[in-house]
2 protein chains.
Amino acid sequence: MTSELERTDRTRVRRLPERGVYDRATVNAILDEALYCHVATVDEAGRPRALPTIHVRVGDVVYIHGSTGSRTLRGVRDGQEVCLVATLLDGLVFARSAAHHSMNYRSVVLYGTTREVTDPGEKWRAQSALVDHVCAGRSEQARMPNAKELRETMILAIPLREASAKVRTGPPIDDAEDVDLPIWAGVLPIRSVPQRPVDAPDLPRGVPVPDNVAHYRRPK
Amino acid sequence: MTSELERTDRTRVRRLPERGVYDRATVNAILDEALYCHVATVDEAGRPRALPTIHVRVGDVVYIHGSTGSRTLRGVRDGQEVCLVATLLDGLVFARSAAHHSMNYRSVVLYGTTREVTDPGEKWRAQSALVDHVCAGRSEQARMPNAKELRETMILAIPLREASAKVRTGPPIDDAEDVDLPIWAGVLPIRSVPQRPVDAPDLPRGVPVPDNVAHYRRPK
């Protein structure tokens, strides 16, 4: 098995091609770290639509879910094409010139045709994986869905095949003639930082914050 | 002038309508705080495409920009429809039941037809606003674009008309029969936190980090 994703006309990074990354490990890591993604679809009238949603990668499949009442996901049930984008912001890049300002980021774009998950076993595994994607180990703690709740949840699978990553890291790159201008240049790293957990107001006394929440961190 | 945005078939929030917000102040605040957005388009073959990009709101217009070499933006130059989504994650919502897990977030979805900005004055103001959107006051510090750089930058305007926000705040809401389960429930707030600025390796000695970077914060 190759660790390179196939480059198609859509996934080849043409603008700043040195930022294009096609190896599965990088693509997987970005999908795994990103808490949520944006899913773009085309509506009945041929117009673009996009919404943020939670996703999870399981091997070479990405699952998204929603209520069966969701207009957006309802529109993609029957094998519709989607474009899923997961983006992680790592920092702001300050150059001397406005034109070279940038951001350090890691993003994945995945194109694919959705398949509604109907097999109860796969649906259950995908649902557990979605819960654990947001917080590792949570599916062992939460009350998992009963049959009715599982029926009311729609899960869509997208094959992780036509995808690429785009990554920018490092300092600003200015034109040579700008480097000695008396203008600060550098990077302001930005991190997504969990704060102190807040108990639900109706939490019974004596139920402690579990370790996976108290010491929350994303996979790296 | 009304402070309510018009509700169209596309912007009315149907799924969990209590989360729908249509007042301009809320929509503006989310667009202003979000560092970047995702822009969805439809490609020549009728397939969805989306990419992260920087935006800025100026009054009732949202500007996005890119190189004139950018495939994505090139595709939307000529009055094409786009869907722009800006999303802010505020926290993870842990319920007792997996089905009621959620996220606290604020998002804006904007539909519109792009217009390429060709007027040099508007283009200059939009370019400055894009720089200041990422860091207030930066356009006063950076070397702003010369005529050639401004020509090489494509700026697209989208009227801020057909838009709505979706906001979730507060604790988890479990089914009554689950509340007394011995499962922790609550919210893990998540914040985007600037770290210590890192000087560019080629920064001449003695150029200090400006205050707007050293004490960086998003507008609230």
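Scroll up a little and you will see the structure.
Residues numbered from 1 in each chain as written. Chains lettered and ligands numbered in written order. Predicted model: local features only at pLDDT ≥ 70, side-chain atom pairs only at ≥ 80, totals over all residues.

1. A look at helix H3 (residues 120–134) of chain B
All names here are of chain B.
Stage number 1. Here H3 spans 22 Å end to end across 15 residues, near enough to the 21 Å set by a 1.5 Å rise per residue.
Stage number 2. Listing the buried residues of H3 in full gives Lys 123, Ala 126, Gln 127, Leu 130, Val 131, His 133 and Val 134. Buried residues of H3, seen end-on, are gathered within an arc of 160° and therefore sit on one face of the element. (Helix = DSSP H or I, 4+ residues; strand = E, 2+ residues; numbered from the N terminus. Expected span 1.5 Å × (residues − 1). Buried ≥ 20, exposed ≤ 12 C-beta atoms within 10 Å, placed from the backbone. Arc of directions from axis to C-beta.)

2. Comments concerning the environment of Glu 4 of chain A
Residue and element names in this part refer to chain A.
Stage number 1. Mapping Glu 4 onto the fold places it in the segment before strand E1 (20–21).
Stage number 2. According to the C-beta neighbour criterion, Glu 4 is exposed, with 8 such atoms within 10 Å.
Stage number 3. Taking C-alpha positions, Glu 4 is 5.7 Å from Tyr 22, a pair spaced 18 residues apart along the chain.
Stage number 4. Filtering out sequence-adjacent residues up to four positions away, Glu 4 remains in contact with Tyr 22 and Asp 23. (Contact = placed C-beta atoms within 7 Å.)

3. Quick look at the interface of chain B and chain A
Stage number 1. Between chain B and chain A, the contact holds 81 residues from the first and 81 residues from the second.
Stage number 2. Elements that contribute at least two residues to the side of chain B that touches chain A include exactly strand E2 (36–42), strand E3 (48–58), strand E5 (81–94), strand E6 (102–113), H3, strand E10 (186–194) and strand E11 (198–199) of chain B.
Stage number 3. For the side of chain B that touches chain A, the element with the highest residue contribution is E10 of chain B, accounting for 9 residues.
Stage number 4. Along the lines of polarity and charge, the residues of the side of chain B that touches chain A split into 51 nonpolar, 16 polar and 14 charged.
Stage number 5. Here strand E10 (residues 186–194) of chain A pairs with E11 of chain B via 2 bridges, running antiparallel. Bridging across to E11 of chain B, Val 187 of chain A finds its partner in Val 198 of chain B. (Nonpolar A, V, L, I, M, F, W, Y, C, P; charged D, E, K, R; others polar. Pairing = 2+ DSSP bridges.)

4. What about the relation of the copies chain B and chain A?
Stage number 1. Of the two same-sequence chains, chain B is brought onto chain A (RMSD 0.0 Å, axial shift 0.0 Å) by a rotation of 180°. Accordingly, the operation relating the two chain copies is best matched by a two-fold axis. For chain B, the residue whose C-alpha comes nearest the rotation axis is Ser 192 of chain B, separated from it by 2.2 Å. (Least-squares fit on C-alpha atoms with pLDDT ≥ 70 in both.)

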